[in-house]
Amino acid sequence: MSPDRTAGAVGASRPRIEGGLKVTGAARYTADVPMPGLVHGQLVTATTSRGRIRDVDASTALGMPGVLGVLDHRNAPRLNPKAGNYFGPDGSLLLLQDEVVPYAGWPVALVVAETPEQARAAAAALRVTCDAEPHDLDFGMDHPAARPASTAFGPEADTGDLEAELAACAVVVEERYRTPEESHCAMEPHASTAWWEGDHLHALDANQGAFSVSEVLAALWSIDRERVHVRSEHVGGGFGGKGVCGPQMILASMASKRFGRPVRIAMTRAQVFETTSSRPRTEQLVTIGADADGRLRAVGHRAAYALSPLAEYIEACTEQAKVLYAAPAIRTRLTAVPLDVLPPASMRGPGATPGSFALESAIDEVAERLDVDPVRLRLRNQPSVAPVSGLPFSTRRLVSCVQEGARRFGWAARDRRPRSRREGPLLIGTGMATASFSAGVFPSTASITAEVDGTFTVSVGASDIGTGARTALTAVAADALGVDAGRVRLRIGDSDLGMAWGAGGSRGTTSWSFAITEAAKELRGRLGDPARPVTATVDTSALIDFQPGRERQTFSAVFAEVAVDPATGEVRVRRLLGVFAVGRVINPLLARGQVVGGMVMGLSMALHEESVRDPRTGRLANGDFAGYHIAAHADVPDVEADFVPDYEPLDPSGFNGLGEIGTAGTAAAIANAVWHATGTRQRTLPIRLDRVLEPVAAGKATEGATEGATEGADHAVARGA
């Protein structure tokens, strides 16, 4: 039997395979799956940012209806202290192991009961007394504990003589830019169900990579990974916040071990805010020098981000300074500032999103000082090879993105003078920004079985976090096999399917597709065998060139129009256009949904999102959707997105990832548009009403007044329900 070569599934706009299940409510997420003998856990969390547990009084809680017991540091199972995540050992995984409280929101106890309501009531009755100790939330680039960040992603840039080039420049811009802590805000709260069968741990978990979570659990319990079975079939969003083994998963596995029953922990929204990681705060100093004709001579990007002493992390804000523009001298410095906060995690466009806000705002300021069109300035300084590494780009269609975006946006008709366009009391402005995000693949395993009925079963440990991965991978498999997509069945979201990269870093789809394509290639060589079923399995670890000798990136150009009311400080985005170069597009319908969602997230970052902490306790003051503002339907205009023709030569199918690139440049484009409307630069996000209001009221509170640290009260009580 020879395969049908008329498939052509890649490149076609097809709706999601599981769309009907989701819109009818038939899709079961982690907290929906029925389980015999199930009991429920409720977290109790610390309300102080640093201290020690003095006492846990569980007497009242243990006497309440349905309560099986309470886990705390005195009776919880012991975990392996050497367990870690992507960046090495991670102390935030070691829950209920001692009396130390390292940050506000740290789980200090878990109540287990027959029903969620009983567990919640008992958690509210539990009394945990902590002795508070002085804590530090005083973030800043010049913090005395600041240290060089890890260089695991590559060395810092240091090409040319930065000081000499700056001294020879006609214009030098040197400004500081700040972004706040942000929460991922996935629609589905974190949830897990865990149970033990002998020495095997089974789990249902809302995560972005079942295999990596199984690896962490195996390390925590000091057991072989093959004895850990994690399933994650449907996930209601992640954005990086479900990319690690979360506290709900660890505590559920501990409680099941202790009580011998399946245990489910479904976090409340407030618990998601306070116990799961976020995008860290950043402060960035950008220095750019240019000649009078707009040629850049020097780019300096120094960035600092907050992290926890419990775990290493890299918020790589300076990466785009190494890629986007040609200059004789480029220097980057990335600094980590340890504070008493929970460890941060990757959030959509990690590093690139806050980094592009700073870099692209500064580039716009250079254009302003030179009185040069911002589009023209960017096009004038495009590199022919990667400016720092010197490597050629595998593909670089950024100029096409900028030119096509400018044409469709009507940029040529723009009067670049600020405050030049009004509509009644409103000031109207337009702005743009470019962005890049590193692309590539990581090792994954895929198996394809040719079934007796002529269909094909594709098994890969992928995760669909709402991106349409099932649909995209089905198309990839169909084309690789040369059959119609209707003959392909896809199995994903299970650690037992083998090693696979998670949904993150814009490398999920490319990594899984690479493995599927290779497995299909092997299987097609065996299709002449009449015996069925026949299976081909491929591990791409040995096939990946991790040093290909070329720079692999995706690119974007984002254009924004805003209306600003100077009397109220209100900023409304009227138009948002993004043009993207992301390699060959698998499914234009799903791809557009991804980048539009990314731009909406960037809009939300620009105008709304900001985690505010009480300096006295370190706790979030706005840890819910009433206080933490995200973009709603009324905030989002008719967003337009499109792709320029592109093909990634380093990928066997021409693919690149596109999960992050939509978010990365959007905040800068909006901030630049606000400058064009008002004539005032916004160098701190979000662009709040009080930062835009004209005239600025006398006696305005000093920016950052909620920052800093004070010694808390002598005693603090943890919060349960």
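Residues numbered from 1 in each chain as written. Predicted model: local features only at pLDDT ≥ 70, side-chain atom pairs only at ≥ 80, totals over all residues. Heavy atoms only, no water.

The number of helices and strands found in the chain is 16 helices and 28 strands. Taking 2.2 N^0.38 as the reference for a compact globule, 721 residues should give roughly 27 Å; the C-alpha atoms of the chain span a radius of gyration of 26 Å, in line with that estimate. Judged by the C-alpha coordinates and their principal axes, the chain covers about 75 × 75 × 50 Å. Looking at the chain as a whole, 61% of its 721 residues are labelled buried. For the chain, the share of sequence-separated contacts (at least 6 apart) that also reach a separation of at least 24 residues comes to 82%. (Helix = DSSP H or I, 4+ residues; strand = E, 2+ residues; numbered from the N terminus. Rg over C-alpha atoms; globule rule 2.2 N^0.38 Å. Buried < 20%, exposed > 50% of the residue type's maximum accessible area, 1.4 Å probe, protein only. Contact = heavy atoms within 4.5 Å.)

The description of two aromatic rings rests on the distance between their centres and on the angle between their planes. Considering all chains together, one arrives at 15 aromatic pairs under this definition. A centroid spacing of 5.8 Å and a plane angle of 50 degrees characterise the contact between Tyr86 and Trp501, whose relative ring orientation is tilted. Placement of Tyr86 in the loop between strand 4 (84-85) and strand 5 (88-89) and of Trp501 in the loop between strand 23 (488-491) and helix 12 (508-524) is noted, with a sequence separation of 415 residues between them. Judged by relative accessible area, which is 46%, Tyr86 ranks as partly exposed. Judged by its relative accessible area of 23%, Trp501 falls in the partly exposed class. A ring pair is formed by Phe409 and Trp411, whose centres lie 6.4 Å apart and whose planes are at 40 degrees; its orientation type is tilted. Through a chain of ring-to-ring contacts, the aromatic side chains of Phe87, Phe153, Tyr305 and Tyr313 assemble into a single cluster. (Phe/Tyr/Trp six-rings, centres within 6.5 Å; stacked < 30°, edge-to-face > 60°.)

So, on to helix 12. Given a rise of 1.5 Å per residue, 17 residues ought to cover 24 Å, and the 24 Å separating the end C-alpha atoms of helix 12 matches this to within 8%. Helix 12 sits mainly inside the fold: 13 of its 17 residues count as buried. (Expected span 1.5 Å × (residues − 1).)

This part is about unusual backbone geometry. In this model, Leu685 is joined to Pro686 through a cis peptide bond whose omega is -5 degrees. For Pro686, the location among the structural elements is in the loop between helix 15 (666-678) and helix 16 (689-692). A positive phi angle, close to 60 degrees, is found at Phe239, a residue other than glycine. Along the chain, the position of Phe239 falls in the loop between strand 14 (228-231) and helix 6 (247-259). Owing to a relative accessible area of 29%, Phe239 belongs among the partly exposed residues under this scheme.

With six of its seven residues buried, strand 12 (residues 191-197) lies for the most part within the structure. With four bridges connecting them, strand 12 and strand 15 (residues 263-266) associate as antiparallel partners. When the bridges of strand 15 are listed, Ser192 appears paired with Ile265. One ladder, built from six bridges, connects strand 12 with strand 13 (residues 200-205); its direction is antiparallel. Within strand 13, the residue paired with Ser192 across the bridge is Asp205. (Pairing = 2+ DSSP bridges.)

Moving on: the side chain of His135. Looking at the element boundaries, His135 is found in the loop between strand 8 (127-132) and strand 9 (147-148). With relative accessibility at 7%, the residue His135 sits in the buried group.

Let us look at the confidence of the model for the chain. Within the chain, residue pLDDT values average 94, and 95% of them lie at 70 or more. Note on residues 1-6: pLDDT under 50 across the span, and 14 contacts to partners over four residues away in sequence or across chains. Confidence over residues 697-716 falls short of pLDDT 50; this stretch has 36 contacts with residues more than four positions distant or in other chains. (pLDDT = per-residue confidence, 0-100.)

Turning our attention to the sheet that holds strand 23. The four strands lie next to each other as 23-22-21-24, forming an open sheet whose pairing is mixed. The sheet terminates laterally at strand 23 and strand 24 (534-539), the two strands that pair on one side only. Between one strand axis and the next, the sheet turns by 15 degrees as a mean value, whatever way the strands run. Relative to strand 23, strand 22 (residues 456-460) is paired through four bridges, and the arrangement is parallel. For Phe456, the partnering residue across the bridge sits in strand 23 and is Val488. Against the sheet, helix 11 (residues 469-481) makes contact with strand 21 (445-450), strand 22 and strand 23, and its axis sits at roughly 130 degrees relative to strand 23, the strand it touches most. Here helix 12 sits on the sheet and contacts strand 21, strand 22 and strand 24; the angle it forms with strand 24, its principal contact strand, is near 135 degrees. (Axes fitted to C-alpha atoms, helices over the stretch in contact; angles between N-to-C directions.)

Turning our eyes to something else, we now look at the pattern of salt bridges. Here the structure, examined in full by the defined rule, presents 50 salt bridges. The shortest N-O distance in the salt bridge between Glu133 and Arg50 comes to 3.9 Å. On the criterion of sequence distance, the pair formed by Glu133 in the loop between strand 8 and strand 9 and Arg50 in the loop between strand 1 (39-45) and strand 2 (51-57) is long-range, its members being 83 residues apart. For Glu133, a relative accessible area of 25% gives the class partly exposed. On the basis of relative accessibility, which here comes to 33%, the residue Arg50 falls in the partly exposed class. Between Glu570 and Arg572 there is a salt bridge, with the nearest N and O atoms lying 2.7 Å from each other. Judged by its relative accessible area of 31%, Glu570 is partly exposed. Note on Arg572: relative accessible area 33%, which makes it partly exposed. (Salt bridge = Lys/Arg side-chain N within 4 Å of Asp/Glu carboxyl O.)

Right, let's talk about the nonpolar core for a bit. Counting residues in hydrophobic clusters, the biggest one holds 83 residues, and the most contacted among them are Phe559, Val562, Leu576 and Ile670. For this core, the leading source of residues is helix 8 (residues 352-370), giving nine residues. Ignoring sequence-local partners within four residues, the contact set of Leu576 consists of Val558, Phe559, Ala560, Met599, Leu603, Pro637, Asp638, Val639, Glu640, Thr666 and Ile670. Of all hydrophobic cores here, the second largest spans 60 residues; its members include Ile53, Trp106, Ala252 and Leu342. (Core = buried A, V, L, I, M, F, W, Y, C linked by side-chain atoms within 4.5 Å.)

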